[in-house]
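Report on the structure
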Amino acid sequence: MAPKAIASPIPDSLYPTLSIINLAIGLILTASFFIYEATSSRKTRSLAQELTTGAVASVFLGFGSLFLLLASGVYV
Amino acid sequence: MMTRLNLFLFTFTILSSHLLSASASDLILTKVDRRIDLSSQIVRTTTTLKVENTGSDIVSEILLSFPENHVNHLAHLTATLNEGRGKAKTSSGVGLPVEVVHPKGVPPKLTIYSVTLPKGLGKGDSLTLDVLAVFSHILKPFPEKITQADIQLLLFQESAYYISPYAVKVQSLTVKLPDARVESYTKLEDTKLQGSELKYGAYENLPPFSYLPIVIHFENNQPFAVAKELVREIEISHWGNVQITEHYNLVHGGAQSKGEFSRLDYQARPYVRGASAFRRLVAKLPPRAHSVYYRDEIGNISTSSLWGDSKKTELVIEPRYPIFGGWKTAFTIGYGLPLKDFLFGLDGKRFLNISFGSPINELVIDTLIVKVVLPEGSKDISASVPFPVKQRQETKFSHLDIAGRPVVVLEKNDAVPEHNEHFQVYYKFNCLSMLREPLMLISGFFFLFVASIVYMHADLSISKSSASYLAKIQWEEVQATVRQVHNIISRCLTTHDKLEASLHDLSRTGDVQACKATRKSVDSSLKELTKELKSPVAFLQSSPQAAQILPKVEEVIVKERDLQEKLMAKHSTVVDCYEKKLGGREIENRVALHHQKIAALRLEIDDIMDLIDEI
């Protein structure tokens, strides 16, 4: 069996685009999270909604910042 | 100098007198061609031996001997079988195993290496062996100290006869010198200097261990770049990059510079007043190298140039000052390489296949440390290097690491460009481990969100019984209740809309039964909503803080009830008319009044709702 070359799972050239898209979605979700925090009062706030928004936002921010690091040459 | 040499020769002759003549004497060397390349700081000796077995036993190993003063500088030794003849000769690439042996009866000043043949040499058979020996630090500068304006002169000692435990029939020696002046050389009978080539021989029928010292004193202004220590760090990222960082600690290993250095002289005539110095180094990087940088301890050194094609990338770097004999410089170069050129998968394992030595041309490295940094989560690590090296493992902490990355450290002393061979590091890696880094980032952000949720939920006031604190709590409750009321009213309004929609459907389809059913469900849901409304309103009435907002809330409730009644009335009228099968115009006339009132009420309610919402 001949050895076969291993490349990265996502082509390098896509990193900047992916970074921008993920970070944009992540930041919008973050904004909605904090708007919700600021406008709702203690009685009306729902913990589940806060956690869901936070979790989804952090997934997008996490991948966005990973691709940002990769695109800027910091190969983690 | 000469006394020492004579002494050496003397000891040698004495030792040679009682030589071994036992096992090795079956072999004779029918022809020996030696070529010594002195054109750079690295001395390469290529010896072609034609070996013939005259005895009756099968011989499976051939001995090579080197004098002590050469062995100490021997950096690389390979022996390959040379098959075929004339121009079509092909070296069978793979080197034969070579090891040090200590046979009896050999002069102590000699070190013997044994080359194991792949198959024994029978009686009367012959073969051709190519031996390449590479020496570093063997050229001695003489004089040892020179000024800026002097040229660098070097001494090289060799034997005009090939030192061998076997008798040699015919032999010759060719020394290739750099294209420069030859100060002096030992003149023997058959010595010829043609251009930059010095020829000794041919000599015929010499007994074993024949020795005839020669000394060549010549000019060589090649860069004597010696890396005291080179640390190469090769970091693999499975996200598509192999990052190489090389830390050089470089010194000019030639004749020491003495006296003062004049930059003016050097600048005016660099090739005369600074002939022995080197000002630039050329590094041949692999193709598709990117993000190349060159810096020393205090920052970027801009004097460097880079160009590349599909086969290589060439980097020319200039230190901050010309390097004269004994002068030092330390710098770092780094570059990234595409992962797919160097990382391969085989049978569930991954391996890195990359060259071992430095990319800089004709560099002698005293201590070469190659560190291969594997991604976090690599297991079953093993390295395979084509020559002996010291191996150990350590851990490195880099970006986004928890347990640290496993590092394979390979250490080699006396490395020369011949050691620039590919080596492999095998390891096992689970693809899911790649998700470690993003998961860390994600959990970092999530922690931030959780922290802010906790902050918003936590009650941080110190005095829980103060009036202002209680008032705040009450006000918050009032706010929440008002919001609840607002919510219920808006649900009422949507229920109203449903009723209106059913009327609209009726006018289209004429299905009175469906309309009635909707009416029933709307009635019940409205009743429930009214019930729900009771407790918040009661709370608002009892709370002193709600005094301001209470009238508005009550007003909106009253108006809503009014609207509800009007709507029901309208609905009943319309349904009635349909049951009596009255004409469209008739229905419109009857409903018109209701219609206006409903619209007006709706507007008022919306206004008040907005007001409440703002609170």
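Conventions adopted
Residues numbered from 1 in each chain as written. Chains lettered and ligands numbered in written order. Predicted model: local features only at pLDDT ≥ 70, side-chain atom pairs only at ≥ 80, totals over all residues. Heavy atoms only, no water. Buried < 20%, exposed > 50% of the residue type's maximum accessible area, 1.4 Å probe, protein only. Helix = DSSP H or I, 4+ residues; strand = E, 2+ residues; numbered from the N terminus. Pairing = 2+ DSSP bridges. Contact = heavy atoms within 4.5 Å. Buried area = accessible area lost by both parts, 1.4 Å probe. Salt bridge = Lys/Arg side-chain N within 4 Å of Asp/Glu carboxyl O. Polar contact = N/O pair within 3.5 Å; in protein donor to acceptor, adjacent residues only side chain to side chain. Axes fitted to C-alpha atoms, helices over the stretch in contact; angles between N-to-C directions.

Now for the pairing of strand 31 (residues 405-415) of chain B. Residues and elements named next belong to chain B. Counting buried positions along strand 31 gives 9 out of 11 residues, so the element sits mostly inside the fold. Note: strand 28 (residues 364-373) against strand 31, 8 bridges, orientation antiparallel. Each bridged residue has a counterpart across the sheet, and for Val 373 the counterpart in strand 31 is Val 407. Pairing analysis gives 7 bridges linking strand 30 (residues 390-396) to strand 31, with the strands arranged antiparallel. Bridge assignment links Gln 391 to a residue of strand 31, and that residue is Leu 410.

So, on to the interface of chain B and chain A. At the interface, 36 residues of chain B touch 40 residues of chain A. Area buried by chain B at its contact with chain A is led by Trp 239, Phe 449 and Met 456 of chain B, which between them contribute 21% of it. Inspection of the chain B/chain A interface yields 0 salt bridges. Taken together, the links from chain B to chain A amount to 6 residue pairs in polar contact (both at pLDDT 80 or more). When contributions to the side of chain B that touches chain A are tallied by element, the ones reaching two or more residues are strand 26 (343-346), strand 27 (349-355), helix 4 (436-457) and helix 5 (467-509) of chain B. Among the elements that make up the side of chain B that touches chain A, the one with the highest residue count is helix 4 of chain B (12 residues). Summarising the sheet, strand 1 (residues 4-5) of chain A and strand 26 of chain B pair through 2 bridges and their orientation is antiparallel.

On to unusual backbone geometry, then. All names here are of chain B. That bond from Phe 142 to Pro 143 is cis: its omega, 5 degrees, falls within 30 degrees of zero. Topologically, Pro 143 is positioned in the loop between strand 9 (140-141) and strand 10 (145-146). Positive phi outside glycine occurs at Arg 288, with the angle close to 65 degrees. Note that Arg 288 resides in the loop between strand 20 (281-285) and strand 21 (290-296). We classify Arg 288 as partly exposed; its relative accessible area is 49%. Positive phi, close to 55 degrees, is recorded for Asp 414, a residue that is not glycine. Tracing the backbone through its elements, the reader meets Asp 414 in strand 31. Residue classification places Asp 414 among the partly exposed residues on the basis of a relative accessible area of 24%.

So, on to the pairing of strand 4 (residues 74-83) of chain B. Residue and element names in this part refer to chain B. For strand 4, a buried count of 8 out of 10 residues is recorded, marking the element as mostly surrounded by other parts of the structure. Where strand 4 lies against strand 8 (residues 126-135), 8 bridges are found, and the strand directions are antiparallel. Counterpart to Leu 74 in the pairing with strand 8 is Phe 135.

Pairing between sheet strands relies on hydrogen bonds along the backbone, with the strands arranged either parallel or antiparallel. Residue and element names in this part refer to chain B. Overall, antiparallel pairing links the 3 strands, which are arranged 3-7-6 in an open sheet. The two strands at the open ends of the sheet, each matched to only one other strand, are strand 3 (59-67) and strand 6 (98-101). Here the strands of the sheet are splayed against their neighbours by 35 degrees on average, with no regard to which way each runs.

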